Amino acid sequence: MSNWIVYSIGFLAQILFSGRLFIQWILSEKNKRIITPSTFWKLSLLASFLLFVYGHLRDDFAIMLGQALTYYIYIRNLQLQGEWQKSPKWLQIFLYIFPILVVVYAYNNGEYDIQKLFRNDAIPLWLLLLGIISQVIFTLRFVYQWIVSEKTKTSQLPVGFWRMSVLGASLILTYGIFRHDPVLLVGHGAGLIIYVRNIFIWKKQMRYES
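Residues numbered from 1 in each chain as written. Predicted model: local features only at pLDDT ≥ 70, side-chain atom pairs only at ≥ 80, totals over all residues. Heavy atoms only, no water.

## Observations concerning a positive patch on the surface
Thinking step 1. A contiguous patch of positive charge on the surface is contributed by Lys 32, Arg 163, Lys 203, Lys 204 and Arg 207.
Thinking step 2. Broken down by element, the positive patch gets its largest block of residues, three residues, from helix 8 (residues 182–209).
Thinking step 3. Among the structural elements, Arg 163 can be located in helix 7 (residues 159–179).
Thinking step 4. Here Arg 163 falls in the partly exposed class, since its relative accessible area comes to 44%. (Patch = residues over 30% accessible without salt bridge, like charges linked within 9 Å, V, L, I, M, F, W, Y side chains within 5 Å. Areas by Shrake-Rupley, 256 points an atom, 1.4 Å probe, with all protein chains shown as cover. Salt bridge = Lys/Arg side-chain N within 4 Å of Asp/Glu carboxyl O. Lys, Arg positive; Asp, Glu negative; His and termini not counted. Charge placed at Lys NZ, Arg CZ, Asp CG, Glu CD. Helix = DSSP H or I, 4+ residues; strand = E, 2+ residues; numbered from the N terminus. Buried < 20%, exposed > 50% of the residue type's maximum accessible area, 1.4 Å probe, protein only.)

## Remarks on the layout of surface pockets
Thinking step 1. There is about 250 Å³ of room inside the largest pocket.
Thinking step 2. Along its surface, the largest pocket is lined by Lys 42, Leu 45, Leu 46, Phe 49, Leu 78, Glu 83, Trp 84, Lys 86, Ser 87, Leu 91 and Leu 95.
Thinking step 3. Partitioning the lining of the largest pocket into residue classes produces seven nonpolar, one polar and three charged. (1 Å grid on protein atoms, 1.4 Å probe; cavity = no way out; pocket = protein on both sides within 12 Å on 5 of 7 lines; lining within 4 Å. Points joined across faces, edges and corners; volume = space filled by probe spheres on them. Nonpolar A, V, L, I, M, F, W, Y, C, P; charged D, E, K, R; others polar.)

## Examining empty space enclosed by the protein
Thinking step 1. Inspection of the entire model under this criterion finds one cavity of 30 Å³ or more.
Thinking step 2. Considering only enclosed or pocket space, the largest cavity measures out at about 190 Å³ in volume.
Thinking step 3. In terms of lining, the largest cavity is formed by 20 residues, of which the most central are Phe 17, Arg 20, Phe 138, Arg 141 and His 188.
Thinking step 4. Among the secondary structure elements, those contributing two or more residues to the lining of the largest cavity are helix 1 (3–31), helix 3 (61–80), helix 6 (125–152) and helix 8.

## Focus: a nonpolar patch on the surface
Thinking step 1. Side chains of Tyr 72, Ile 93, Tyr 96, Ile 97, Ile 100, Leu 101 and Val 104 sit close together on the surface and give an oily, nonpolar patch of about 590 Å² of accessible area.
Thinking step 2. Per element, the largest residue contribution to the nonpolar patch is six residues, and it comes from helix 4 (residues 89–108).
Thinking step 3. If you trace the backbone, Ile 93 turns up in helix 4.
Thinking step 4. Using a relative accessible area of 46% as the deciding quantity, one classes Ile 93 as partly exposed.

## Description of the pattern of salt bridges
Thinking step 1. By the definition in use, this model includes six salt bridges.
Thinking step 2. With its nearest N and O atoms 3.3 Å apart, the salt bridge here joins Lys 86 to Glu 83.
Thinking step 3. Judged by relative accessible area, which is 18%, Glu 83 ranks as buried.
Thinking step 4. One network of salt bridges, with partners in common, ties together Lys 42, Glu 83 and Lys 86.

## Some details on helix 8
Thinking step 1. With 28 residues, helix 8 extends 41 Å between its outermost C-alpha atoms, agreeing within 8% with the 40 Å of an ideal straight helix rising 1.5 Å per residue.
Thinking step 2. Listing the buried residues of helix 8 in full gives Val 183, Leu 184, Gly 187, His 188, Gly 191, Ile 194, Tyr 195, Asn 198, Ile 199, Ile 201 and Gln 205.
Thinking step 3. Residues of helix 8 that are buried in the fold lie against helix 1, helix 2 (38–57), helix 3, helix 6 and helix 7.
Thinking step 4. The N-terminus of helix 8 is capped by Asp 181, whose side-chain oxygen sits 3.2 Å from the backbone nitrogen of Leu 184. (Expected span 1.5 Å × (residues − 1). Contact = heavy atoms within 4.5 Å. Polar contact = N/O pair within 3.5 Å; in protein donor to acceptor, adjacent residues only side chain to side chain.)

Fair warning: the whole summary comes from geometry, so function is off the table for now.
Encoded structure:
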């Protein structure tokens, strides 16, 4: 597949990721508190779908790992908001099994194997480890968000989520620089600004509530 198609998929995913953040940020600014609209999770799921495909096409294990881990948390948040149940059953089943289908199909057709994913000449081991660590930290923010949401039975974005977002995005930006990946640079560069801004909104919200 030509590079422009691959990068187009990646950029589209990052546009959707950025779009969810801008919507969430604008609503939070208007309400003077952190808002978690269902659109945030819908765009997250669609973007994650596309970025998983992008990582697969680039043989980038770090990207695939990060998206596979957060993909199902997005679905869970839609369930908590009652939005997932509104989608057709066939679509629910397809989205559930999609990442697994891609991995099984690609492995069985020889498109990649474990050695290729972990011994990619374009990604030295130290850089791969940086990418994996970055994605794990970035993913843990959603694990934390998921735990808080399960406890309260409401889909929300606590301040710890935004603090972990700043750390994870900074590391992924570093990975993107070494990887010469414009998709990661554009997506996480824009997101970092909004992550920091949400922390300031939370601080103002705390002062107002106290």
